[in-house]
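Residue-level listing of the chains:
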Amino acid sequence: MNRREHLKLAGLAALAVTLPPGGVFAQAPVQTRLVNPGVYRYRVGDFTVTAIQDGGISRPVEGLVTNAGLDAVQMALSEAFQPEDRFPITFTALVVDTGRHLVVIDTGAAGFFGANAGRLPQGFAAAGIDPAKVDTVLISHLHPDHVSGLRTASGQLLFANATIHAPEGELNYWLDEATAGRAPEPAKPFFQNAMRVLGPVSASIVRLSGEREIVPGITAIPAHGHAPGHTVFQITSGSEGLMVLGDVANNPALFVRYPDWRPAFDMDREMAAGTRKRLLDRIAADRLHVAGYHFPFPAHGHIRRDGTGFAYVPAPRVPHDG
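Residues numbered from 1 in each chain as written. Predicted model: local features only at pLDDT ≥ 70, side-chain atom pairs only at ≥ 80, totals over all residues. Heavy atoms only, no water.

Participant: I keep staring at helix α2 (residues 70–79) and nothing clicks. Help me out?
Facilitator: Side chains of residues three or four places apart in an α-helix project in the same direction, reflecting 3.6 residues per turn. Restricting attention to buried positions, one finds in α2 the residues Val73, Ala76 and Leu77. Looking straight down α2, one finds that the buried residues subtend no more than 95° of arc, so they occupy a single side. For α2, exposure combined with an orientation more than 90 degrees from the buried face picks out Asp71, Met75 and Glu79. Packed against the buried residues of α2 are β3 (86–97) and α8 (252–255). The positive-phi residue at the C-terminal boundary of α2 is Phe81, with phi of around 60°. (Buried < 20%, exposed > 50% of the residue type's maximum accessible area, 1.4 Å probe, protein only. Helix = DSSP H or I, 4+ residues; strand = E, 2+ residues; numbered from the N terminus. Arc of directions from axis to C-beta. Contact = heavy atoms within 4.5 Å.)

Right, dumping it as structure tokens:
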């Protein structure tokens, strides 16, 4: 054996001595908790959009779609590489910096659905955005996962200096005591939550009705069906546009791919299906960006026509230094 071979074998022997059994160099404890909330920025023209993941929940797939069989629903989920037994529902709020206004669109669940949601304040901190600088809050509808984050755990308004805008039809419905009194028991917490969050400031809320520009570049568009006054928001800057869909379509593997499918949580399912097809067709035809509140994070992409339905095409995630 020559000197080079001897040194090589000696080096291998020394390395073997330093390795623990099985040859593993280092081990770390398995981490299962979310370290930081999801935060992602992208541009729409000259506007900067920050997506903040508030968290999420899941529910059984059975009974989710009222006009399609369980086998068909599970197949659609499987084709999208999603679980067939539990249906994930994530919450993504948006912050839009227009250069003149700092606008928040929907505000998360603030723990209404448990500990896995309600991370908006941490998301603002991670994004480096001061909630006190938000001047406009836009609410698509008054379901708890969209309005609860308006208040902190201590009950204070998170966006203390902002003007809140909400659909008139939503305020008339969810803040009406007579309607709340007639509601079935499972729905009563929704009414109570809306009253808790928005009741004390209802007189100062700007009520939205019809199609109207709220701040330059952001327009409210009625999109009823999921809820009585459900509203979407179209953002326009230069030649680019973003449609903020709210709950017009939930999981895109089901309700973008099959817009006629009717989820159990749409309040007027026939109207919601018509709204869904109309808006998805508009987004596809105009080649708009799209943001879906319950789409997989960062909930940003595009819509294209695909046979009798549509396909959601996630936008590439790219670094952004703005």
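Participant: Help me out: how do you make sense of the pairing of strand β4 (residues 102–105) in this one?
Facilitator: When a strand is regular, its side chains alternate between the sheet's two faces. What you see with β4 is no split at all: Leu102 and Val104 on one side and Val103 and Ile105 on the other are buried throughout. Across four bridges, β3 lies against β4 in antiparallel orientation. The partner of Asp97 across the bridge, within β4, is Leu102. Between the antiparallel neighbours β3 and β4 lie four residues, among them Gly99 with a positive phi of about 95°. In the classification by handedness, the crossover that spans β4, the intervening helix α3 (residues 120–127) and the parallel strand β5 (residues 136–138) is right-handed. (Pairing = 2+ DSSP bridges. Right-handed = clockwise from strand over helix to strand, strands pointing away.)

Participant: I'm lost on the sheet that holds strand β9 (residues 218–222) in this one. Help?
Facilitator: Strand order in the open sheet made by the seven strands is β8-β9-β10-β11-β12-β13-β14, with mixed pairing throughout. For this open sheet the edge positions go to β8 (212–215) and β14 (309–314), each flanked by a neighbour on one side alone. Averaged over all neighbouring strand pairs, the angle between strand axes comes to 35°, with direction disregarded. Pairing analysis gives five bridges linking strand β10 (residues 231–237) to strand β11 (residues 240–244), with the strands arranged antiparallel. Looking at β11, one finds that Gln234 is bridged to Met243. Each of β9, β10, β11, β12 (289–291), β13 (300–306) and β14 touches helix α9 (residues 269–286); the most contacted strand, β13, lies at about 100° to it. (Axes fitted to C-alpha atoms, helices over the stretch in contact; angles between N-to-C directions.)

Participant: Would you explain the sheet that holds strand β6 (residues 163–167) in this entry?
Facilitator: Spatially, β1-β2-β3-β4-β5-β6-β7 is the arrangement adopted by the seven strands of the open sheet, whose pairing is mixed. Pairing within the sheet leaves two strands with one partner each, and these edge strands are β1 (39–44) and β7 (206–208). Sheet twist, expressed as the mean angle between neighbouring strand axes with direction ignored, is 25°. Relative to β5, β4 runs parallel, the two being bridged by three bridges. Within the sheet, the bridge partner assigned to Val104 lies in β5 and is Val137. Set on the sheet, α3 makes contact with β1, β2 (47–60), β3 and β4; between it and β2 the angle comes to about 150°.

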